[in-house]
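Inside the fold
Listed here are the chains, written in short residue letters.
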Protein chains: 2
Amino acid sequence: MPTSDNESPPVYREIAEELRAAIASGRLSDGDRVPGENDLMKRYGVARATARQALSVLINEGILVPIRGSGVYVRAFRPLRRHGPRRLSRELWGSGRAIWQADAADRSFEIDDVRIDEVPAEAHVARALAVAEGTMVLRRRRRYRLDDRPLQLASSYLPLDLVRGTAIARVDTGPGGIYARLAELGRAPAHFTEEIRVRMPTPAEAKALRLTAGTPVLDVLRTALTSEHTAVELNEMTLDGSAYVLQYDFEA
Amino acid sequence: MPTSDNESPPVYREIAEELRAAIASGRLSDGDRVPGENDLMKRYGVARATARQALSVLINEGILVPIRGSGVYVRAFRPLRRHGPRRLSRELWGSGRAIWQADAADRSFEIDDVRIDEVPAEAHVARALAVAEGTMVLRRRRRYRLDDRPLQLASSYLPLDLVRGTAIARVDTGPGGIYARLAELGRAPAHFTEEIRVRMPTPAEAKALRLTAGTPVLDVLRTALTSEHTAVELNEMTLDGSAYVLQYDFEA
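I will try to describe carefully the structure that is included in this document. The shown structure was predicted, so the numbers you read here are calculated from the model rather than taken from an experiment.

Our next topic: the overall build of chain A. A count of helical and extended segments in chain A gives nine helices and 10 strands. Here the C-alpha radius of gyration of chain A, 23 Å, is well above what a compact globule of 252 residues would show, namely 18 Å. Overall size of chain A, expressed as C-alpha extent along the three principal axes, is 70 × 45 × 40 Å. Relative to its 252 residues, chain A shows a buried fraction of 48%. Taking all contacts inside chain A whose residues are at least 6 apart in sequence as the whole, residues at least 24 apart take part in 60%. Accessible surface for chain A amounts to roughly 12700 Å². Of this, 50% is attributable to carbon and sulfur atoms.

Quick look at the interface of chain A and chain B now. One widely used convention gives an interface's size as the accessible area the parts lose upon coming together. Taken together, the contacts link 34 residues of chain A with 34 residues of chain B. Summed over both sides, the interface between chain A and chain B buries roughly 2800 Å², with carbon and sulfur atoms accounting for 61% of that surface. Of all residues in chain A, Val 198, Phe 250 and Ala 252 of chain A give up the largest surface area on contact with chain B, accounting jointly for 26% of the area buried on that side. Run the count over chain A and chain B and you get zero salt bridges. The tally of links from chain A across to chain B stands at 12 residue pairs in polar contact (both at pLDDT 80 or more). At the level of elements, α4 (84–87), α5 (90–94), β7 (191–199) and β10 (244–251) of chain A are the ones that each hand at least two residues to the side of chain A that touches chain B. The element contributing the most residues to the side of chain A that touches chain B is β7 of chain A, with nine residues.

This part covers the relation of the copies chain A and chain B. The transform that puts chain A on chain B rotates by 180° and translates by 0.2 Å along the axis, for an RMSD of 0.3 Å. Taken together, the turn and the small shift mark the pair as related by a two-fold rotation axis. With an isologous cut-off of 70% or more, the 100% of interface residues of chain A that recur at the interface of chain B puts this contact in the isologous class.

Judged by how many residues are buried, strand β7 (residues 191–199) of chain B sits mostly within the fold: seven of nine residues are covered. Pairing of β10 of chain A with β7 of chain B, which is carried by six bridges, proceeds in the antiparallel orientation. Of the residues in β7 of chain B, the one forming a bridge with Leu 246 of chain A is Ile 196 of chain B. In this structure, β7 of chain B lies alongside strand β8 (residues 217–225) of chain B, joined through nine bridges in antiparallel fashion. In the sheet register, His 191 of chain B faces β8 of chain B, and the bridge partner there is Leu 225 of chain B.

Right, let's get into the packing of aromatic side chains. According to the stated counting rule, one finds seven aromatic pairs over all chains in the structure shown. A ring pair is formed by Tyr 179 of chain A and Phe 192 of chain A, whose centres lie 5.5 Å apart and whose planes are at 45°; its orientation type is tilted. One end of the pair, Tyr 179 of chain A, is in helix α8 (residues 177–184); the other, Phe 192 of chain A, is in strand β7, with 13 residues separating them in the sequence. Each member of the pair, Tyr 179 of chain A as well as Phe 192 of chain A, carries the same accessibility label: buried. The interplanar angle of 50° and the centroid separation of 6.1 Å between the aromatic rings of Tyr 248 of chain A and Phe 250 of chain B together place this pair among those described as tilted. In this pair, Tyr 248 of chain A sits in strand β10 while Phe 250 of chain B sits in strand β10 (residues 244–251), so the two residues belong to two different chains. Assigned by exposure class, Tyr 248 of chain A and Phe 250 of chain B land together as buried.

Mapped onto the elements, Arg 52 of chain B comes out in helix α3 (residues 48–60). Among the residues examined, Arg 52 of chain B registers a relative accessible area of 45% and is labelled partly exposed.

Turning next to the pattern of salt bridges. Residue and element names in this part refer to chain A. Under the definition given, this model contains 32 salt bridges over all chains. Measuring nitrogen to oxygen at the nearest pair gives 3.0 Å for the salt bridge that ties Glu 37 to Arg 48. On the criterion of sequence distance, the pair formed by Glu 37 in helix α2 (residues 37–44) and Arg 48 in helix α3 (residues 48–60) is long-range, its members being 11 residues apart. With relative accessibility at 22%, the residue Glu 37 sits in the partly exposed group. A salt bridge links Glu 184 to Arg 181, with the shortest nitrogen-to-oxygen separation between them at 2.8 Å.

A few words on the sheet that holds strand β5 (residues 136–146) of chain B. Across the sheet, eight strands lie side by side as β3(A)-β10(A)-β7(B)-β8(B)-β9(B)-β6(B)-β5(B)-β4(B); this open sheet has mixed pairing. Because the sheet does not close on itself, it has two edges, and the strands there are β3 (80–83) of chain A together with β4 (109–120) of chain B. For this sheet, the mean inter-axis angle between neighbouring strands, taken without regard to orientation, is 20°.

The rules we used
Residues numbered from 1 in each chain as written. Chains lettered and ligands numbered in written order. Predicted model: local features only at pLDDT ≥ 70, side-chain atom pairs only at ≥ 80, totals over all residues. Heavy atoms only, no water. Helix = DSSP H or I, 4+ residues; strand = E, 2+ residues; numbered from the N terminus. Rg over C-alpha atoms; globule rule 2.2 N^0.38 Å. Buried < 20%, exposed > 50% of the residue type's maximum accessible area, 1.4 Å probe, protein only. Contact = heavy atoms within 4.5 Å. Areas by Shrake-Rupley, 256 points an atom, 1.4 Å probe, with all protein chains shown as cover. Buried area = accessible area lost by both parts, 1.4 Å probe. Salt bridge = Lys/Arg side-chain N within 4 Å of Asp/Glu carboxyl O. Polar contact = N/O pair within 3.5 Å; in protein donor to acceptor, adjacent residues only side chain to side chain. Least-squares fit on C-alpha atoms with pLDDT ≥ 70 in both. Pairing = 2+ DSSP bridges. Phe/Tyr/Trp six-rings, centres within 6.5 Å; stacked < 30°, edge-to-face > 60°. Axes fitted to C-alpha atoms, helices over the stretch in contact; angles between N-to-C directions.

Encoded structure:
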């Protein structure tokens with residue numbers, strides 16, 4: 001296969017890498033205006049097309065954001081801190097708040113594209129919920145957005161005999177969400193296990209999460225268990241890897 | 001930029017994708033022998049060079065492993081389950097075992113490339129250890145390997161005034177490792193915080209961890225705190241994202 005490893009990079013790439021280094025080092029930080037085409041033309045003695053191409057590289061990677069009639073800015077996106085134990089504490093959902101509100105209390109978090117159906121349990125779902133493979137389960141799929149940016153896809157699976165006809169099977173599950181409703185059914189979650197894997201997204205995920213090239217996803221697989229260690233929910237989440245910091249605290 | 005998005009893929013790619021699908025679906029699983037060059041030539045009616053190129057694609061991605069004089073096999077690599085709370089329990093390091101032994105009790109885990117030095121604390125290290133930026137700290141860098149495959153790079157930072165001249169500043173820290181030694185110094189870790197981020201590797205990391213294309217890394221940033229909530233260690237780990245499943249259990 002032909003490679004171009006030994007050629008020196010084109011000038012627009014070198015300019016892009018200098019801008020990238022300035023952002024990485026903090027010389028240019030979130031929300032800062034970066035040098036425009038005219039500045040770059042003067043500073044590097046290059047044509048407008050070259051200056052434009054340099055900015056395009058970082059715009060396409062999602063690092064820079066062009067604002068019409070104003071300039072090009074460093075993307076101001078604070079990664080979300082997702083605090084495993086704290087966000088799933090009973091105080092939270094027990095008080096009628098939604099779990100994902102713990103991730104971004106002061107920001108505009110939204111759920112869209114809620115789809116609910118009944119499906120036969122695939123092997124890993126059956127194993128997690130301790131039912132026979134092919135047993136019908138309720139599936140709730142949805143997407144989470146923050147400041148209009150899609151961040152997460154989630155699919156919850158719950159035993160159908162437990163949740164059929166309850167608010168859990170409706171689009172709006174009511175205050176405190178699924179876990180508050182499970183508590184009302186006498187099946188309050190008491191223990192959680194989260195498994196984290198990382199991988200590159202499928203083309204469909206890249207589209208749904210609007211991921212730029214070179215952005216991996218985090219798979220978070222959560223099982224919710226009652227105090228008797230009966231599994232009541234499996235939640236398969238796919239997170240935009242560039243948007244999250246996951247935090248877990250525990251004791252020695 | 002020229003692209004070849006609209007051209008149909010070459011035949012060797014199509015064969016590689018069929019093999020990949022067979023592995024993804026489980027029709028071919030860990031350790032199975034895959035069809036060899038002769039089989040592929042017959043099945044697809046292609047030349048030996050094409051069959052060889054198809055196998056090369058998956059060999060280069062680390063999915064297939066050629067064994068001289070025997071054939072080509074699906075890589076049998078069980079991902080490591082890294083159980084956050086359990087592996088850091090006091091019973092483990094208190095009993096003189098190494099933390100990473102909890103990840104793979106029955107396998108051949110090794111540490112290599114241990115490098116110890118004293119460095120001025122960068123901003124994030126200073127913040128974690130609650131010292132002034134530029135304060136000298138002990139840094140322990142090392143690499144973890146399993147079955148001869150490099151899996152993880154780690155850099156621990158500890159307050160120099162606490163650990164200078166102790167076994168923590170030596171290559172072999174003795175039974176139970178750093179945490180057992182900290183306990184002997186009256187600074188046993190009692191609380192841990194782990195932060196997880198995901199990103200693509202730098203070229204140096206890809207080389208050190210022998211990562212194939214399209215393999216992201218997991219950054220795990222762990223702070224160890226005493227029962228008085230004094231930070232005694234910051235450990236910056238970079239994990240081969242394809243080799244690990246991280247698990248955390250917690251209560252509602």
